[in-house]
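# Residue-level structural notes
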Amino acid sequence: MALGIIAPVLAAIGSLISGFLNYFTDMFLTTPLRATLKHLEETELKTLKGETRVLKARSLWEGSGAVIMAEAAELSSLKPQLDELGVPLYAVVKEDVGTEVQNFQSFFKGEIFLDEKRRFYGPRERKMGLLAFLRVGVWMNGLLAFKRGFMGNILGEGFVLGGVFVIGQGQQGILLEHREIEFGDKVNAEDVIRAVRRIAQELQPFESK
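So, how was this worked out
Residues numbered from 1 in each chain as written. Predicted model: local features only at pLDDT ≥ 70, side-chain atom pairs only at ≥ 80, totals over all residues. Heavy atoms only, no water. Helix = DSSP H or I, 4+ residues; strand = E, 2+ residues; numbered from the N terminus. Buried < 20%, exposed > 50% of the residue type's maximum accessible area, 1.4 Å probe, protein only. Contact = heavy atoms within 4.5 Å. Phe/Tyr/Trp six-rings, centres within 6.5 Å; stacked < 30°, edge-to-face > 60°. Pairing = 2+ DSSP bridges. Axes fitted to C-alpha atoms, helices over the stretch in contact; angles between N-to-C directions. Salt bridge = Lys/Arg side-chain N within 4 Å of Asp/Glu carboxyl O. Core = buried A, V, L, I, M, F, W, Y, C linked by side-chain atoms within 4.5 Å.

Turning our eyes to something else, we now look at the overall build of the protein chain. Helices and strands together make up the secondary structure of the protein chain, namely six helices and seven strands. Secondary structure elements of the protein chain occur, N-terminal to C-terminal, as α-α-β-β-β-α-β-α-β-α-β-β-α. Evaluated residue by residue, the protein chain yields a buried proportion of 38% over its 209 residues. Excluding contacts between residues fewer than 6 apart, the proportion of contacts in the protein chain whose partners are at least 24 apart in sequence is 65%.

Rendered as structure tokens:
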């Protein structure tokens, strides 16, 4: 009986401490600026498989729209649904250090590009810094990634926060933008699918004219 009382109390105390630490570290985290299509479309991306090619980012979504992830591997599970909707899934990384990209590729089932100027991490780049280690969520996400065998990047610019974009066809614009608030902060998968469905829905009135 005592254990049944103590457990909820300890859970409440843990939640309170976690909330305080998140509030404290949030004060030092740079507020993100929303990206614009103009900011992203001129980004030069390098291919990382086969012969190196450089292409403009807009070529990824001009014909069909696209879901583009900066440093997130979790959305690979949505690829079958995205394929059915005719929208490709891509990832961009900020650097190619050691075997990081090779490790990432085993968790991600789409094409990966190098964004050397880190435009998909801007317009205002954000870093978590050492304060990340005060956040319970970072430890939990890191432990989960470790169990799955994904070590991530502990070299180079490993503290830069990423995000996820759903970009419509042509000049349709950015339909969803998710910015990490801590390492491993996941976008809501249902929000991604909902934004992807908007690509076709919003284009139908123009195609019928």
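That was the structure; now back to the text.
Take the packing of aromatic side chains next. In the structure shown here, the tally under the stated rule is two aromatic pairs. Note on phenylalanine 120 and phenylalanine 165: the rings are 5.7 Å apart at their centroids and 75 degrees apart in plane angle, and the pair reads as edge-to-face. Highlighted residues: phenylalanine 120 in the loop between strand E5 (111-114) and helix H5 (136-147) and phenylalanine 165 in strand E6 (residues 163-167), separated in sequence by 45 residues.

Strand order across the open sheet formed by seven strands is E2-E1-E5-E4-E3-E6-E7, with mixed pairing between neighbours. What marks the edges here is a single partner per strand, and that holds for strand E2 (54-56) and strand E7 (174-179). Sheet twist, expressed as the mean angle between neighbouring strand axes with direction ignored, is 30 degrees. Bridge count for strand E4 (residues 89-93) against E5 is four bridges, and the pairing is parallel. If you follow valine 92 over to E5, its bridge partner there is phenylalanine 113.

Our focus in this paragraph is the pairing of E4. In terms of burial, E4 is largely enclosed, as five of its five residues are buried. Alternating residues of E4 divide into Leu89, Ala91 and Val93 and Tyr90 and Val92, and every residue in both groups is buried. Alignment of strand E3 (residues 66-70) against E4, held across four bridges, turns out to be parallel. Counterpart to isoleucine 68 in the pairing with E4 is tyrosine 90.

Right, let's talk about unusual backbone geometry for a bit. Cis geometry is adopted by the peptide bond preceding proline 123, which originates at glycine 122 and carries an omega value of 5 degrees. Within the secondary structure, proline 123 sits in the loop between E5 and H5. With a phi close to 55 degrees, arginine 118 is a non-glycine residue in the positive phi region.

This part covers the pairing of E3. In terms of burial, E3 is largely enclosed, as five of its five residues are buried. On E3, burial covers both faces: Ala66, Ile68 and Ala70 on one face and Val67 and Met69 on the other are all buried. The pairing of E3 with E6 spans five bridges and is antiparallel. Bridge pairing in E6 places valine 67 opposite valine 166.

Here leucine 78 shows up in the loop between E3 and helix H3 (79-84). In the structure, leucine 78 is positioned 115 residues away from isoleucine 193 in sequence and 8.3 Å away in space, judged by C-alpha atoms. Setting aside residues no more than four positions away along its own chain, leucine 78 makes contact with Ala189, Val192 and Ile193.

Take the pattern of salt bridges next. Under the criterion given, the structure shown has nine salt bridges. The shortest N-O distance in the salt bridge between lysine 79 and aspartate 83 comes to 3.3 Å. In this pair, lysine 79 and aspartate 83 are both assigned in helix H3, four residues apart and thus about one turn of the helix distant. Judged by its relative accessible area of 44%, aspartate 83 falls in the partly exposed class.

Residues Val67, Leu75, Val166 and Val192 are the most contacted members of the largest nonpolar core, which totals 24 residues. Sorting the residues of this core by element identifies E3, E4, helix H4 (100-105), E5, E6, E7 and helix H6 (189-207) as the ones contributing at least two each. Per-element accounting of this core gives the leading share, five residues, to H6. Excluding its chain neighbours within four sequence positions, the residues that come into contact with leucine 75 are Val67, Met69, Leu89, Val164, Val187 and Val192. With 19 residues, the next largest nonpolar core counts Ala35, Leu37, Leu40 and Ala66 among its residues.

These values are about where atoms sit, not about what they do.
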